[in-house]
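Observations on the three-dimensional arrangement
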Amino acid sequence: MKKFINKTDDFIIDSLKGFANAHNNLVTLNLNPIFVTRKEINPNKVLLVSGGGSGHEPLHTGYIGKGMLDVACPGHVFTSPTPDQMIAAVEKCQPKLGVLFIVKNYSGDVMNFEMASEMIDFDHQTVLTNDDAAVINSSYTTGRRGVAGTLIVEKVVGSHAEAGGDLSSCKELGDKVNHHCSSIGVALSSCIIPAAGKPTFDIGIDEIEFGVGIHGEPGRKRDKIRMAHHIVEDMLSAILKDFDEKSLDLKDPRGILLLVNGFSGTPLSELYLIYQAVSEKLEEKQIYISRSLVGNYTTALDMAGASITMCLLDDEIKKHWDSSVLTSNLRWGY
Amino acid sequence: MTNGFIIKCIDSVVQTILNSEEEIEFLDRAIGDGDHYINIKRGSIAVQSIKSELTTLPPDQAFKKIGMTLMTSVGGASGPLFASFFLALAKETSGETNLQQFSKGFTSGVESIMDRGKSKLGDKTMLDVLIPVSEKLQSLADEGCEKHQLIKEIDSVAIAGVVATKDMMPSKGRSAGLAERAIGHIDPGAKTCQLIISTVCKELK
């Protein structure tokens, strides 16, 4: 393994210090326990708190700021944060209008956030994101995983909370956006967790993992690598089937938001190539791409690969997606 | 049960965990996401580091302290589960914990894992070791049995539990994403629990 590391145990803290330092106009890092807040905490709005294992940067710390999150609680790499982090963060912020936890649907995250919410004295609600269409929802799963669609939830609800939305309407909107999102990912290589020092999974030089999760955890099947537009076709059919099952009509004239997300080991040139393949296929299907985002927004350490997320827009979602946002990794309108 | 014994167990459990790095990582790499060993190691070392505090506490308070330490150090799925176990165990035990009380506490600990993780027997999780062990412990404590018999039976129930996970289809935990592909692999969380229980059994000898 070759990585920029001082001491493996200090990996996250060293990185977070750099993040907070680089963006000291936007965020403040708290140590013991670890959490990141906006530099200027506003107690007069619904407090948006997210968090999860580290290794998905810029999720979630990179989305702290006006129009998006108030707090992020990072855990160790690919390991959910512990309840004391969320409790301390909420207590520091003293929100007058309650707390909305935005949690990706993984058993660890769910349980740690659940323990935290049982232990705080503030009104709270939780939006669980589960946009990953790869894992089939059945009695044999804990449900679907939350992946790149999470940042769309954070952006849209963030805008609503900034505009004065109350706790129950934030929760409702968050659930709606999550329902309107569907994602699928493909990995070309494994990631390496610093503390483990070796690849999380073995994958042949000519193989891809179809439906991979953002921790390099397996998805639907192991495939042979093929031409990009063939892979994209399979990814799209998984997403379209998911929208079908949700009874959401993608041909709505208000269109969709298309997010082509890199897992961080794949260059932007390839992500744009994927975007092109997707947009050609969607044009054939008369699905209108109204908004786009391409880049590394929800990553899996150094894994090569990408995910496609589609979010069906309505007027409310579109308005909140377009509103101004000022975070380290998503900013427009300012 | 004395804190002397609890502390002896903590030291040997840490040693067992460290010695089992390769085995646990191998299992977790096959059907997990590769962080189980690191988390368990971090948690057990965190508990070891509060040993001096634990020596001054009665068993029930020691269990509570262990639970809180696991809750704030482990994270992931195992953190809240192990923490819930020890917090529930602490509630059922007292300053002078006997086998009856301990087995009742153990059962209540296992129940709190079931509640927190919303899992049951046969889901290919740590519960496939813990539920049979708690049932065996309860019945042995009720019958009243010799120590060597208790050790032998608990150890073999724990081992049978972990072996049984091999052919199960997962429904909880990260390996759920794998479904059929996980069949044939032992669950790493169940393995860790069996290792801990077997280590405590050895210490009892």
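So, how was this worked out
Residues numbered from 1 in each chain as written. Chains lettered and ligands numbered in written order. Predicted model: local features only at pLDDT ≥ 70, side-chain atom pairs only at ≥ 80, totals over all residues. Helix = DSSP H or I, 4+ residues; strand = E, 2+ residues; numbered from the N terminus. Contact = placed C-beta atoms within 7 Å. Pairing = 2+ DSSP bridges. Core = buried A, V, L, I, M, F, W, Y, C linked by C-beta atoms within 7 Å. Buried ≥ 20, exposed ≤ 12 C-beta atoms within 10 Å, placed from the backbone. Domains from an automatic or database assignment. Nonpolar A, V, L, I, M, F, W, Y, C, P; charged D, E, K, R; others polar. Expected span 1.5 Å × (residues − 1). Axes fitted to C-alpha atoms, helices over the stretch in contact; angles between N-to-C directions. Parallel < 35°, antiparallel > 145°, perpendicular 65-115°, else oblique. Left-handed = near helix turned anticlockwise from the far one by under 90°.

1. Focus: the overall build of chain B
A count of helical and extended segments in chain B gives 10 helices and 0 strands. Traced from its N-terminal end to its C-terminal end, chain B shows the element sequence α-α-α-α-α-α-α-α-α-α. Over its C-alpha atoms, taken along the principal directions, chain B stretches across nearly 45 × 35 × 30 Å. Contacts in chain B between residues far apart in sequence, at least 24 positions, make up 66% of those at least 6 positions apart.

2. A closer look at the sheet that holds strand β14 (residues 325-327) of chain A
Spatial strand order, β4-β14-β15 (chain A): 3 strands in an open sheet with antiparallel pairing. The two strands at the open ends of the sheet, each matched to only one other strand, are β4 (65-66) and β15 (331-332) of chain A.

3. Some remarks on the nonpolar core
Taken as a class, soluble globular proteins show a tendency for nonpolar side chains to be buried jointly. Ranked by internal contacts, the top residues of the largest apolar core, which has 148 residues, are A:Val71 and B:Phe86. Here this core gets 9 residues from one element, more than from any other, and that element is helix α6 (residues 78-92) of chain B. Once residues lying within four places of it in the same chain are set aside, the contact partners of B:Phe86 are B:Phe63, B:Ile66, B:Gly67, B:Leu70 and B:Gly109.

4. Concerning the domain arrangement of chain A
All names here are of chain A. Along its sequence, chain A is carved into domain 1 (8-179) and domain 2 (181-321). With centres defined by C-alpha atoms, the gap from domain 1 to domain 2 works out at 22 Å. Tallying the contact residues gives 28 residues for domain 1 and 32 residues for domain 2. The element contributing the most residues to the side of domain 1 that touches domain 2 is helix α4 (residues 149-162), with 8 residues. Broken down by class, the residue content of the side of domain 1 that touches domain 2 amounts to 14 nonpolar, 9 polar and 5 charged.

5. Observations concerning helix α7 (residues 99-117) of chain B
With 19 residues, α7(B) extends 26 Å from end C-alpha to end C-alpha; this agrees with the ideal 27 Å at 1.5 Å per step. Every buried residue belonging to α7(B) is among B:Ser103, B:Gly105, B:Phe106, B:Thr107, B:Gly109, B:Val110, B:Ser112, B:Ile113, B:Arg116 and B:Gly117, and all of these are buried. Turning to α7(B), the residues buried within the fold contact α3 (107-118) of chain A together with α6 and α8 (127-143) of chain B. Residue B:Lys118 follows α7(B) closely and has a positive phi angle near 45 degrees.

6. A word on the environment of A:Trp321
Mapped onto the fold, A:Trp321 is located in helix α8 (residues 315-322). Those residues in contact with A:Trp321 that lie beyond four places of it in its chain are A:Lys155, A:Val156, A:Leu257 and A:Arg291.

7. Here we look at the pairing of strand β2 (residues 35-38) of chain A
All names here are of chain A. Alignment of strand β1 (residues 27-30) against β2, held across 4 bridges, turns out to be antiparallel. Across the sheet, the residue bridging to Leu29 is Val36, located in β2. Counted along the chain from β1 to the antiparallel partner β2, the turn is 4 residues long, and its residue Asn32 has a positive phi close to 50 degrees.

8. Section: the packing of helix α9 (residues 147-164) of chain B against helix α10 (residues 188-204) of chain B
Residues and elements named next belong to chain B. Two numbers describe how α9 lies on α10: the axes approach to 9 Å, and their chain directions differ by 165 degrees. Between α9 and α10, the angle is such that the two are roughly antiparallel. The handedness of the crossing between α9 and α10 is left-handed. On α10, the residues that touch Lys147, Ile151, Ile154, Asp155, Ala158, Ile159, Gly161 and Val162 of α9 are Ala190, Lys191, Gln194, Ile197, Ser198, Cys201 and Leu204.

9. Observations concerning the sheet that holds strand β13 (residues 305-312) of chain A
Residue and element names in this part refer to chain A. Read across the open sheet, the 6 strands follow the order β10-β9-β8-β13-β11-β12; overall the sheet is mixed. For this open sheet the edge positions go to β10 (221-224) and β12 (289-295), each flanked by a neighbour on one side alone. The average angle at which neighbouring strand axes cross in this sheet is 20 degrees, direction not considered. With 6 bridges connecting them, strand β11 (residues 256-262) and β12 associate as parallel partners. By the bridge assignment for β12, Val260 is matched with Val294. Sheet contacts for helix α6 (residues 228-245): β8 (181-187), β9 (207-210) and β13; angle to β8, the most-contacted strand, approximately 155 degrees. Its contacts with the sheet place helix α7 (residues 268-284) against β11, β12 and β13, and it is angled at close to 160 degrees to β12.

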